[in-house]
Amino acid sequence: MRSPRIAIIGAGIGGLTLSLALRRHGIACEIYERTEELREVGAAVALSANATRFYEGQLELGDRFAKVWAEIPELIFRDGRTGEIIGRHYGGEEYRRRYGAPYAGVHRADLQSILSTAVGPDTLHLGRTLTGIDDSGTEAVLTFHDGTTAAADLVIGADGARSTVRRLVLGYDDALYSGCSGFRGIVNPSHLGLLPDPDAIQFWIGPGGHLLHYPIGSGAHNFLLVERGPAPWPYPAWTAPATDHQRMRRFSDWHPAVTEMVEAAPVGDRWALFHRPPLTRWNHGRITLLGDAAHALVPHHGQGANQSIEDAIVLADQLAAGIDLDAARARYENLRRDRTRRVQYASITTADVLHLPDDSPLLLGRNARLGASGLPARHLDWIHGFVASHS
């Protein structure tokens, strides 16, 4: 019997990881990417142990990643205005002992470069913008904007939160605005003179917003400044140009370390934080979805890339299990659907926890929970301790 023809749409973190996960099982695939060159959208990503254990272990990429990522020694929650520590929790070696792999910040471009180099150029087809999928015959036929076509026995939509594959399957765009927007940036350490605990991943929290930041391999810090609003989102695109006044209007009276970091980066765009509702089915004919195309998250739990990596590991394991394609895809969906729904729910509700107003009766209890020594066991173990592959 011939090997199945597998087409992956999208050469982002999920698609590249899937290609490598399939290769370790001896399964070939082809990746079709719309851009002419690989460019990750966004600044950086925090990889938790549920992802890094696969890169360090089965893929043996730990030495390459060690050169470009920064292991995170602590997780700290602070009051956004006073800088007072609300909670301080372990990272570094204690994190490794608990979960068996590191927690690290890495620039998306570095991550994608390592993965794409490991995949190699023969598998990657750049400049292929998908326009249609005909799954009515004995194979799925992909059509691209440049007039080319490709045939496959299995099509995997790994094309991100604005997935063309998902839209083609559903027949409409089901993106939901979360009610929050954000500003991103990367700041060199020379502009962080006021920052306490510069090696940690930190949440500075306050009424209606928060700042998340963490180090990446260059010593710089990646930040995401999130505010509640505007509501509804008033622009047709997911991003819109912004001014410094718009970026700082809610945060001008926050701690000097916050304002120093944010104002050191160019203003850039305001990003609407969209997510997608959970699907009852991820599989349609010969098509299945992976990563943000299946379950786009808001970034408040830092799990978007990590869940895509988990998906890739599980799907590859099922396709290698010696069962037919339909059974493999069904098992993949059954293994992933409930977990990703839980992570989606945890992510979307985190903003409500972080953005409590000063007069909220929940404020003291929230701070006590964020400061409690048992927080990682209650809120991180089930995510970071998850092992996607046992093979």
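For the structure given in this document, a descriptive report is provided here. Everything numeric here is computed off the predicted structure, so don't read it as measured data. (Residues numbered from 1 in each chain as written. Predicted model: local features only at pLDDT ≥ 70, side-chain atom pairs only at ≥ 80, totals over all residues. Heavy atoms only, no water.)

**So, the overall build of the chain**
What counts, and what does not: Counting from the N terminus, the helices are the DSSP runs of H or I reaching at least four residues and the strands are the DSSP runs of E reaching at least two. With the radius of gyration taken over C-alpha atoms, the globule rule is written as 2.2 Å times the number of residues to the power 0.38. Note on classification: 1.4 Å probe, protein chains only; a residue is buried when its accessible area is under 20% of the maximum for its type, exposed when over 50%, partly exposed between these limits. Residues are treated as being in contact if the distance between any of their heavy atoms lies within 4.5 Å. The charge count includes Lys and Arg as positive and Asp and Glu as negative, but it does not include His or the ends of the chains. Lysine's charge is taken at NZ, arginine's at CZ, aspartate's at CG and glutamate's at CD.
Each helix and strand counted, the chain has 13 helices and 20 strands in total. Here the chain has a C-alpha radius of gyration of 21 Å; the compact-globule value for 391 residues is 21 Å, and the two agree. Across its three principal directions, the C-alpha atoms of the chain cover 65 × 45 × 40 Å. Classification of the 391 residues of the chain by burial places 54% in the buried group. The long-range fraction of contacts in the chain, counting pairs at least 24 apart against all pairs at least 6 apart in sequence, stands at 74%. Positive and negative charge centroids in the chain, built from 39 and 44 side chains respectively, lie 3 Å apart.

**A look at the sheet that holds strand E2 (residues 30–32)**
Stated formally: Here, strands pair whenever DSSP counts at least two bridges between them.
The six strands are arranged E8-E2-E1-E12-E20-E19 in an open sheet whose pairing can be described as mixed. In this open sheet, the two edge strands, each paired with only one partner strand, are strand E8 (124–125) and strand E19 (283–284). Relative to strand E20 (residues 287–289), strand E12 (residues 154–157) runs parallel, the two being bridged by three bridges. Opposite Ile156, over in E20, you have Thr288 as the bridge partner.

**Remarks on the sheet that holds strand E7 (residues 104–107)**
One open sheet accounts for three strands, arranged E3-E7-E4; its pairing is antiparallel. Both outer strands of the open sheet, strand E3 (44–47) and strand E4 (70–71), are each paired with one neighbouring strand and no more. Where E4 and E7 come together, two bridges link them in antiparallel fashion. When the bridges of E7 are listed, Glu71 appears paired with Ala104.

**Considering the pattern of salt bridges**
Convention followed: Criterion for a salt bridge: a side-chain nitrogen of Lys or Arg within 4 Å of a carboxyl oxygen of Asp or Glu.
Scanning all chains against the criterion turns up 24 salt bridges. Ionic pairing is found between Asp352 and Arg228, a salt bridge with its closest N-O pair at 3.2 Å. With Asp352 in helix H11 (residues 325–354) and Arg228 in strand E16 (residues 221–228), this pair connects stretches of sequence that are 124 residues apart. Classification of Asp352 as partly exposed rests on a relative accessible area of 44%. Residues joined by salt bridges that share partners form a network here, namely Glu74, Arg78, Arg88 and Asp197.

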